[in-house]
Amino acid sequence: MDRPGALKLEYLPAAGRSPEWGRGVLGGALFDRVPRDSPAASGGLGFPVAQVSMPVLGDEREMLELWRIGDEVRAGNHGHVRYTCGADVLFGSLSLHEEEMPAAAAGGRSSLYAATGQAYREIFATLAAVGHPHLLRVWNYIPDINGETHGLERYRQFNSARQEALIAGGRAIAGNVPAASALGAAPGGPLVVYFLASRTAPALIENPRQVSAYHYPAQYGPRSPAFSRAAVLRSGDAATLFISGTASIVGHRTLHSGDPVAQTRETLRNIEALLEEAGRTVLGTRLPLDALAYKVYVRDPRDLPPIRAQLTQAIGARASVLYLQADICRRDLAVEIEAVGSRGLRPAA
Ligand code: 3EB
């Protein structure tokens, strides 16, 4: 049933994989409290797997996010970036340790600022070299995201460096920016960025209920977060909708601070608004909530049961959901949710 070139997303336990688990995989990510020398980490696979230090909530210790594609893929390296690409789509991943940044302290900038700048420069160089110029979806896992140094929260340092790297790379900082997520990983680990890029331009979608993040006012940091609320990629006769990390934000303000259940409901309203907008402008049909695969970031693991109950009620028990424990970029956010859906192809159950 796979259409050549169409992307397929799976979340699955890393333990006990049969040898053919890697067949047709473009790339992926391994989420675990402690990154370890698992098969996915050994580098022996023909595709990149980002190692993210982020606890899995639920019964499994390690979970894999896998992006499959019906195409032939070829693999390569460019600087720290490992990538694979098919005809339409490229998956890439890199991991940078802040303590290895050469000129970190120079100019009064932090090592995270340096690492973020280098990560994005290397990503743009990779895309130019391989010929998949359109960055369409980025996952940013930032150690100690809410920590503060140099008089600025680390998430805000990241935003400054990301925006400046986009400018330096001759790219837009508003409008034509990728869908993204930015979450906290365990302190002391590397900055991990993985991404999807394409040969043809994606369609980008904003949420009518929210101020575009790239237009957030200065109270959220000196440089706005450069991401779109969602992106749609057409590849291999299917369209894939990537919904960015979405939270309980209306306009530009956080709502329901201290109430994880109400934040989950508000977040789902935002996701529904994006499904409506994507259906109206690009997909020609409104994907139902239960046709998506979700990644749910929960700040405090004690909030998992009520958040999960709320989500199950809204999307049903059959939808594919990966729950992770992560710090979120605003301290008053208890939950953030990203999602992926395909027109014509359902995510794997
Ligand atoms: C928000 O809506 C919540 O900085 O790349 C969500 C997704 C958020 C991506 C990013 C931040 C990012 O502002 C935070």
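The shown structure was predicted, so the numbers you read here are calculated from the model rather than taken from an experiment.

### Concerning the pattern of salt bridges
Step number 1: Enumeration over the complete set of coordinates arrives at 16 salt bridges.
Step number 2: As a salt-bridge pair, Arg137 and Glu338 come within 3.4 Å of each other at their nearest N and O atoms. With Arg137 in strand β8 (residues 134–143) and Glu338 in strand β20 (residues 335–343), the pair connects residues that are 201 residues apart, well separated along the chain. No difference in accessibility class separates Arg137 from Glu338, as the two residues are buried.
Step number 3: Among the salt bridges present, the one from Lys295 reaches Glu338, with a minimum N-O distance of 3.1 Å. Taken together, the positions of Lys295 in strand β18 (residues 293–298) and Glu338 in strand β20 put the pair 43 residues apart, joining distant regions of the chain.
Step number 4: We classify Glu338 as buried; its relative accessible area is 3%.
Step number 5: Each of the salt bridges in this network shares a partner with another, and the network as a whole consists of Glu65, Arg137, Lys295 and Glu338.

### A short note on the environment of Pro222
Step number 1: In this structure, Pro222 sits in the loop between β13 (203–205) and β14 (230–235).
Step number 2: On the basis of relative accessibility, which here comes to 58%, the residue Pro222 falls in the exposed class.
Step number 3: Separated by 23 residues in sequence, Pro222 and Arg199 have C-alpha atoms that sit 32 Å apart.

### Structural notes on the nonpolar core
Step number 1: Phe31, Tyr120, Tyr141 and Leu196 are the most contacted members of the largest nonpolar core, which has 72 residues in total.
Step number 2: Counting residues per element, this core draws most heavily on helix α1 (residues 111–130), at eight residues.
Step number 3: Other than its neighbours up to four places away in sequence, Tyr141 contacts Phe31, Val52, Met54, Leu183, Ala185, Pro190, Leu191, Val192, Tyr194, Lys295, Tyr297 and Glu338.
Step number 4: Within the second largest apolar cluster, 30 residues are counted, among which are Tyr294, Leu311, Val335 and Ala339.

Conventions and cut-offs
Residues numbered from 1 in each chain as written. Predicted model: local features only at pLDDT ≥ 70, side-chain atom pairs only at ≥ 80, totals over all residues. Heavy atoms only, no water. Salt bridge = Lys/Arg side-chain N within 4 Å of Asp/Glu carboxyl O. Helix = DSSP H or I, 4+ residues; strand = E, 2+ residues; numbered from the N terminus. Buried < 20%, exposed > 50% of the residue type's maximum accessible area, 1.4 Å probe, protein only. Core = buried A, V, L, I, M, F, W, Y, C linked by side-chain atoms within 4.5 Å. Contact = heavy atoms within 4.5 Å.

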